[in-house]
Amino acid sequence: MRLGIIAPLVFGSSGFARAGRQIMFNLADSGVELQLYGIPKLSYDGIISREEFNRLSEFTIFDTLPDIWFNLAPQCMFSYNESHKGYKIGMSMFETLYNPPSFIQQCTKCDEIWVPSEFNFTTFNESSKVPKEKLAYMPLGVETDLYSPRPSKYKITDSFNTGYDFVYGIICGYSARKGVDLVLTAHHELFTESSRVALFIKGDSYGAKLFPKDMATIYSGESLINDIKIHKEIRAKTYKNKPIILYSFQSYPDDMIPEILLSLDAFVFPSRGEGFGLPPMEAMSCELPVVATSGTSMEEFMLPDISYPVKSNGWKPDPRCDWITNQYKDNLFADPDYISYRDAVWDIYSDRETAKNKGIRARQFVIENYDYKVITLRMKNRLKEIMNGKLSAESFWPHKYV
Amino acid sequence: MKIIPNVRATVYISDLSLRVGENPVLIEPGRVVSSINLLDAVAQGLVKIEVADNEKNVPGLTEFLEKVDEVTAKSLGIILSEKITEDIRKKRVTSDSPVRPVLFLKV
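Residues numbered from 1 in each chain as written. Chains lettered and ligands numbered in written order. Predicted model: local features only at pLDDT ≥ 70, side-chain atom pairs only at ≥ 80, totals over all residues. Heavy atoms only, no water.

Novice: How should the overall build of chain B be read in this particular structure?
Specialist: Within chain B, the regular secondary structure consists of two helices and seven strands. Of the regular secondary structure in chain B, the N- to C-terminal order runs β-β-β-β-α-β-α-β-β. The buried share of chain B, taken over its 107 residues, is 33%. (Helix = DSSP H or I, 4+ residues; strand = E, 2+ residues; numbered from the N terminus. Buried < 20%, exposed > 50% of the residue type's maximum accessible area, 1.4 Å probe, protein only.)

Novice: Explain the overall build of chain A here, please?
Specialist: Across its full length, chain A holds 12 helices and 15 strands. Against the compact-globule benchmark of 21 Å for 402 residues, chain A has a radius of gyration of 21 Å, which places it among compact chains. With respect to the three principal axes, the spread of C-alpha positions in chain A is 65 × 40 × 40 Å. Here chain A holds 402 residues, and 60% of them are scored as buried. For chain A, restricting intrachain contacts to residue pairs at least 6 apart in sequence, the fraction spanning at least 24 positions comes to 71%. Total accessible area on chain A is roughly 16100 Å²; 52% of this is exposed by carbon and sulfur atoms. (Rg over C-alpha atoms; globule rule 2.2 N^0.38 Å. Contact = heavy atoms within 4.5 Å. Areas by Shrake-Rupley, 256 points an atom, 1.4 Å probe, with all protein chains shown as cover.)

Novice: Sorry if this is basic, but what is going on with the interface of chain A and chain B here?
Specialist: By convention, interface size is frequently given as the accessible area that disappears when the constituent parts associate. Facing the 39 residues of chain A at the interface are 28 residues of chain B. Summed over both partners, the interface of chain A with chain B buries about 2700 Å², with 65% contributed by carbon and sulfur atoms. Between chain A and chain B we count one salt bridge in total. Two residues, Asp158 of chain A and Arg100 of chain B, come together in a salt bridge whose shortest N-O distance is 2.8 Å. Our count for the contact surface shared by chain A and chain B stands at nine residue pairs in polar contact (both at pLDDT 80 or more). Contributions of two or more residues to the side of chain A that touches chain B are made by β7 (154-157), α6 (205-219), β10 (244-248) and α8 (256-262) of chain A. The biggest single contributor to the side of chain A that touches chain B is α6 of chain A, with seven residues. Pairing geometry for β7 of chain A and strand β7 (residues 103-106) of chain B, over four bridges, is antiparallel. In the strand pairing of β7 of chain B, Thr157 of chain A is matched with Leu103 of chain B. (Buried area = accessible area lost by both parts, 1.4 Å probe. Salt bridge = Lys/Arg side-chain N within 4 Å of Asp/Glu carboxyl O. Polar contact = N/O pair within 3.5 Å; in protein donor to acceptor, adjacent residues only side chain to side chain. Pairing = 2+ DSSP bridges.)

Novice: I would appreciate a short explanation of the packing of aromatic side chains in the present structure.
Specialist: Each aromatic ring pair is described using two quantities: the centre-to-centre distance and the angle formed by the ring planes. For the structure shown, the criterion picks out 32 aromatic pairs over all chains. For the pair Phe191 of chain A and Trp346 of chain A, a centre-to-centre distance of 6.0 Å together with 35° between the ring planes defines the contact as tilted. Of this pair, Phe191 of chain A sits in the loop between α5 (180-190) and β9 (197-202) while Trp346 of chain A is found in helix α10 (residues 338-350), placing the two residues 155 residues apart along the sequence. Its relative accessible area of 36% is what places Trp346 of chain A among the partly exposed residues. Summarising the aromatic geometry, the rings of Tyr252 of chain A and Phe104 of chain B are spaced 5.9 Å apart at their centres and angled 85° between planes, so their arrangement reads as edge-to-face. In this pair, Tyr252 of chain A is assigned in the loop between β10 and α8 and Phe104 of chain B in strand β7, connecting two distinct chains. (Phe/Tyr/Trp six-rings, centres within 6.5 Å; stacked < 30°, edge-to-face > 60°.)

Novice: Honestly, helix α12 (residues 372-387) of chain A in this entry has me stumped. Any pointers?
Specialist: Each turn of an α-helix holds 3.6 residues, which means side chains three or four residues apart point in the same direction. Residues and elements named next belong to chain A. For α12, with 16 residues, the first-to-last C-alpha span of 22 Å sits near the 22 Å given by 1.5 Å per residue. Residues of α12 that are buried: Tyr372, Ile375, Thr376, Met379, Lys380, Arg382, Leu383, Glu385 and Ile386. The secondary structure elements touched by the buried residues of α12 are β1 (2-6), α1 (15-29), β3 (68-72), β4 (87-91), β5 (112-115) and α11 (352-370). At the N-terminal end of α12, a side-chain oxygen is found 2.7 Å from the backbone nitrogen of Lys373, two or three residues along, and the residue is Asp371. Once α12 ends, the next one or two residues include Gly389, with phi positive near 95°. (Expected span 1.5 Å × (residues − 1).)

Novice: I keep staring at the sheet that holds β3 of chain A and nothing clicks. Help me out?
Specialist: Adjacent strands of a sheet pair through backbone hydrogen bonds, lying either parallel or antiparallel. Residues and elements named next belong to chain A. Read across the sheet, six strands follow the order β2-β1-β3-β4-β5-β6 without closing on themselves; strand pairing throughout is parallel. Looking along the sheet, the strands with just one partner apiece sit at the ends: β2 (33-37) and β6 (135-137). Strand after strand, the sheet turns through a mean of 25° between neighbouring axes, direction not considered. With five bridges joining them, β3 and β4 adopt parallel strand pairing. Counted as the bridge partner of Phe70 is Ile89 from β4. Sitting on the sheet, helix α4 (residues 118-126) touches β5 and β6, and the angle it makes with β6 is about 170°. (Axes fitted to C-alpha atoms, helices over the stretch in contact; angles between N-to-C directions.)

Novice: Got a minute to help me understand the side chain of Ser128 of chain A in this structure?
Specialist: Summarising the element assignment, Ser128 of chain A is placed in the loop between α4 and β6. Beyond its immediate sequence surroundings of up to four residues, Ser128 of chain A is in contact with Asn99, Phe103, Ile104, Cys107 and Thr123 of chain A.

Novice: I keep staring at the packing of α1 of chain A against helix α2 (residues 50-58) of chain A and nothing clicks. Help me out?
Specialist: All names here are of chain A. Running from amino to carboxyl end, α1 crosses α2 at an angle of 65°, the nearest separation of the two axes being 11 Å. Here α1 runs over α2; the crossing is left-handed. Of α2, the residues touching α1 (which contributes Arg21, Gln22, Met24, Phe25, Ala28 and Asp29) are Glu52, Arg55 and Leu56. Taken together, the residues of the contact of α1 with α2 sort by class into four nonpolar, one polar and four charged. (Left-handed = near helix turned anticlockwise from the far one by under 90°. Nonpolar A, V, L, I, M, F, W, Y, C, P; charged D, E, K, R; others polar.)

Note that all results are geometric; they support no functional claim without further evidence.
Structure follows, in structure tokens:
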């Protein structure tokens, strides 16, 4: 079986790019012949490992046409045109309650749409008008061998080599969408400068600009969170406590991310919207206790027995996210509850044994349901069905639709 | 109430009720320096306010101190934000700052 892949971002450092690479490598390992199209030039830039680069490069050498096309495209920016003959699969995702209107037209370029979450199965069906028969639920996965519990190669500290009893953190593109307002506020409410607790924030270059502003808001005694009533109750603590924050806004090579996770005691991710939610799942694979929003895509794996789900108070627009993309403007996000988030962090901090056990169960859950070997087998099975002429994807719907 | 100057002026106000929300006169001992809003002066870090024990029952004091608290925090927040921005830009760290660049120490 020859699969023609269009995935222009696959050489990048984003979670989406990493997911694309893993899908490709695992499909290739399972015997699918890959043909990588649309890569303008091949020169090694050090973003991914040399081994991965070489392997991806091999996929660009071929002399036959594919049996099936597969376009992995963020925001449904599918590249298909009349030159792409044959069955066309598009894989995409989005993180708000309603998909952007442009998705409707974009999805018609494909014979079938793969979505990575039950949440997106619903949103693509309802707001992008993709018939269920043309929708397949294909979760992304985790390299559970790489994201596995073991001593980290690194100790997380500061340049004074301060010894912290508890370091928890978030790795994200720094923005209100990821719930950094809740993270910073709760940290300042729960802990003080003398707590021997540090919050680690790993953001991107935007974060280097936004983070100081958010800190100014906290130190000014103003509210970062939307709930003014709660803010008034907690204000005295949040702007006077001054607990430690360790930050980084630089990029790290792929193999550093699991090491960073392994240096943490817990992972937090009170995101307002995810199409899949790879960071918390990677943390779960490392046996870390994870606090994340039980909303949008994360609802399907933020289960109470294996994690610390943050309840969502329904759906809300969040103008603080408008700068990220105009597709967020007036759209609706999940609304992670501040108290639920804060109490979950405190539960982990104050009862490490329970947290540890949840982490152990979380890894088992990830191995069983989201290991790349499991999910690429699922993908391969669907590709086989298509090759055999079964065009309805009903065997690959989420359980609740079956 | 004693207004402690960070710059030059020292002012003692015995009757707070006459001063809240008004434009008190900041004087250097013996002469007028400037006439500015008291809260602005606090926000600019020109003066700091302390309350003596015998002044705690002055009407309006609690509300006034809340406002002082707000402008002081705001001023501090802006200063700290500027410092953090500069620290991030220069990859600098100081021991008195609660916000620090991370260090991954090889073990």
